[in-house]
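# Structural overview for review
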Amino acid sequence: QLQASGGGLVQAGGSLRLSCAASGFTFSRYGMGWFRQAPGKEREFVAIIAWSGGSTDYADSVKGRFTISRDSAENTVYLQMNSLKPEDTAVYYCAAKSRPTPYMNPVGYNYWGQGTQVTVSS
């Protein structure tokens, strides 16, 4: 129900745009988030956008470099990643949330995509 794409290999300082296409649920009623997980580390919050698109929030580590957006007509959420660093290397997951739980906690999300690999070389 969530299909993530757009990952790849990029040099430090480069950019990538991740996409996540939603189906099977009412996209406009869900907040949409991005998380990432590096090898040997826990899954961590990256960004979230409210169901309305009116508010966003980011992890401190990506503020000013990443931008989350959504297109309700296309049922898709995006993550534009600029000025990439080697420490951004991880599998990136999109997720959908309708419950009023802390959005930085992955436990509260209803649906998860399969993940897309982002590798940033130095």
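Refer to the structure printed above.
Starting afresh in each chain, residues are numbered from 1 along the sequence in its written order. Owing to the predicted nature of the model, reporting of local features is limited to residues with pLDDT of at least 70; listing and counting of side-chain atom pairs is limited to 80 or more, with chain, interface and lining totals taken over all residues. As a rule here, side-chain values come from all non-hydrogen atoms in the structure, and water together with hydrogens is ignored.

### Focus on the sheet that holds strand S8 (residues 76–81)
Filter applied, for reference: Pairing between two strands requires that DSSP report at least two bridges joining them. Working definition: helices are DSSP H or I runs of at least four residues, strands are E runs of at least two. Numbering for both runs from the N terminus. Comment: axis = line fitted to C-alpha atoms, over the contacting stretch for helices; angle = value between 0 and 180 degrees taken between N-to-C directions.
Taken together, the 4 strands give an open sheet; going across it, the order is S1-S3-S8-S7, and neighbouring strands pair in antiparallel fashion. Each of the sheet's edge strands pairs with one partner strand only, and the pair in question is strand S1 (2–5) and strand S7 (66–71). Neighbour to neighbour, the strand axes of the sheet diverge by 15° on average, direction disregarded. Pairing of S7 with S8, which is carried by 6 bridges, proceeds in the antiparallel orientation. Paired with Asp71 across the bridge in S8 is Thr76.

### Thoughts on the pattern of salt bridges
Operational definition: Any Lys or Arg side-chain nitrogen located within 4 Å of an Asp or Glu carboxyl oxygen qualifies as a salt bridge. The rule is simple: take the accessible area with a 1.4 Å probe, protein chains only, and divide by the maximum for that residue type; under 20% is buried, over 50% is exposed, in between is partly exposed.
According to the stated counting rule, one finds 4 salt bridges in the structure shown. Between Glu44 and Arg36 there is a salt bridge, with the nearest N and O atoms lying 2.6 Å from each other. Judged by relative accessible area, Arg36 falls into the buried class, the value being 6%. The partner of Asp88 in a salt bridge is Arg36, and the shortest N-O contact between them spans 2.9 Å. Separated by 52 residues along the polypeptide, Asp88 in the loop between S8 and strand S9 (90–97) and Arg36 in strand S4 (residues 31–37) bring together distant segments of the chain. Like Asp88, the residue Arg36 is buried in the burial classification. Three or more residues are tied together by salt bridges with common partners; here these are Arg36, Glu44, Arg65 and Asp88.

### Quick look at the pairing of S1
The two faces of a sheet get side chains in turn, since along a regular strand they alternate between them. The two faces of S1 differ: Leu2 and Ala4 on one face are buried, but Gln3 and Ser5 on the other face are not. Note that S1 and strand S3 (residues 16–22) share 4 bridges and pair antiparallel. Bridged to Leu2 within S3 is Ala22.

### Some thoughts on the side chain of Asp88
Worth spelling out the cut-off: N or O atoms within 3.5 Å of each other form a polar contact, as long as, within protein, one can give a hydrogen and the other can take it, and as long as residues adjacent in sequence are counted only when both atoms are side-chain atoms. Contact between two residues is taken to exist if any of their heavy atoms lie within 4.5 Å; hydrogens are not considered.
Asp88 sits in the buried class, given a relative accessible area of 1%. Side chain to side chain, Asp88 and Arg36 meet in a polar contact 2.9 Å long. In contact with Asp88, other than residues within four places in its own chain, are Arg36, Arg65, Phe66, Ser83, Val118 and Val120.

### Some words on unusual backbone geometry
Of note in the backbone geometry, Asn75 takes a positive phi value of approximately 50° without being a glycine. Using a relative accessible area of 27% as the deciding quantity, one classes Asn75 as partly exposed. With phi around 50°, Ser83 is a residue other than glycine that occupies positive phi space. Its location among the elements puts Ser83 in the loop between S8 and S9.

Take it as geometry only, folks, not as evidence of what the structure does.
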